[in-house]
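Listed below, chain by chain, are the residues.
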Amino acid sequence: MQSQKPIYKKPFEHISNYEESTWLGNDKPFYEDEYTGVFNDKYPCVEGHKLFVPKNNSPEYIGKSYGLAYEFGERWVAEGKMAGYNIGMNIGLCAGQTIFWPHIHFIPRHNGDADLKGGMRYAHPGADHTEHY
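Enquirer: Can you walk me through the sheet that holds strand S3 (residues 50–54) in this structure?
Expert: Consider a sheet: its strands pair through backbone hydrogen bonds, and that pairing is either parallel or antiparallel. Taken in spatial order, the five strands of this open sheet run S1-S2-S3-S5-S4, and their pairing is antiparallel. Only two strands of the sheet have a single neighbouring strand rather than two, namely strand S1 (31–32) and strand S4 (84–88). Here S4 runs beside strand S5 (residues 104–109); their pairing, made up of five bridges, is antiparallel. Directly across from Asn 86, in S5, lies its bridge partner Ile 107.

This is the structure:
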C-alpha cells in the first residue's frame, strides 16, 4: 500500500483541517500544545511577527489560541522584549484573509515604532479618525 502524502493548501484555497494548513506545508511550529501551533510568519510585517493557529476551527480552540497569544505577549513585555503588542484576526476575503483557516496574528510593538492614536480604529482606511481623536 502506498503511503499518503499530506495535501497542504495554498493561499485562497479552502482548508478543511489543521493538518492540511498552509503553515504545516511550509514550516514546523516553534511551539505547540494540544490546541495551538505557533509559527513564525513567513512574510512578517515586523520582526517577531507570529501566527497562533488553532488546531480545530471552533470557538473553544480559537479562544485558547487567543489566550496563548496574550500569555506570550504579557511574558515578552515583562521580559523587556517589546513594549506592547497587537493580536487579531482577518476573517473573510474582504477583511484581508488569504489563508482560509483561523489564525491569530501577533505583532510586537515598540515605543515610537508608529505615530498612531486609536489602535484598531485605524484598521479601516476609510474610517473618519478626526471625529474621535
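The structure having been displayed, the exposition proceeds.
Enquirer: I would appreciate a short explanation of the pattern of salt bridges in the present structure.
Expert: For side chains bearing opposite charge, pairing can occur when the charged atoms are close. Counted by the stated rule, this structure contains four salt bridges. Salt-bridge contacts for Glu 79 lead to Lys 81; the nearest nitrogen and oxygen are separated by 3.1 Å. The exposure class assigned to Glu 79 is partly exposed, which follows from its relative accessible area of 46%. The salt bridge partner of Arg 109 is Asp 113, with a shortest N-O separation of 3.1 Å. By relative accessible area, Arg 109 is classed as partly exposed at 23%.

Enquirer: Would you take a moment to explain the environment of Tyr 18 for this structure?
Expert: With respect to the secondary-structure elements, Tyr 18 resides in the segment before helix H1 (22–26). Along the backbone, Tyr 18 and Thr 36 are 18 residues apart, and their C-alpha atoms lie at a distance of 9.6 Å.

Enquirer: Would you explain the nonpolar core in this entry?
Expert: Nonpolar side chains in soluble globular proteins tend to end up buried together. With ten residues, the main nonpolar core is built from Val 38, Phe 52, Leu 68, Ala 69, Phe 72, Trp 76, Met 82, Tyr 85, Ile 104 and Phe 106. Where this core is concerned, the elements lending two or more residues are helix H2 (59–78) and S5. The biggest single contributor to this core is H2, with four residues. In contact with Ala 69, not counting residues within four places along its chain, are Phe 52, Ile 87, Ile 104 and Phe 106. Tyr 18, Leu 51, Val 53 and Trp 101 belong to the second-largest nonpolar core, a separate cluster that totals eight residues.

Enquirer: How should I be thinking about the pairing of strand S2 (residues 36–40) in this particular structure?
Expert: Counting buried positions along S2 yields four of five residues, so the element is predominantly enclosed. Direction of pairing for S1 relative to S2: antiparallel, over a ladder of two bridges. Counted as the bridge partner of Glu 32 is Gly 37 from S2. Remark: three residues form the turn of the hairpin made by S1 and S2, two consecutive strands paired antiparallel. When S2 meets S3, the two strands line up antiparallel, connected through five bridges. Its bridge partner lying in S3, Gly 37 is registered against Val 53.

Rules used throughout
- Residues numbered from 1 in each chain as written.
- Predicted model: local features only at pLDDT ≥ 70, side-chain atom pairs only at ≥ 80, totals over all residues.
- Heavy atoms only, no water.
- Pairing = 2+ DSSP bridges.
- Helix = DSSP H or I, 4+ residues; strand = E, 2+ residues; numbered from the N terminus.
- Salt bridge = Lys/Arg side-chain N within 4 Å of Asp/Glu carboxyl O.
- Buried < 20%, exposed > 50% of the residue type's maximum accessible area, 1.4 Å probe, protein only.
- Core = buried A, V, L, I, M, F, W, Y, C linked by side-chain atoms within 4.5 Å.
- Contact = heavy atoms within 4.5 Å.

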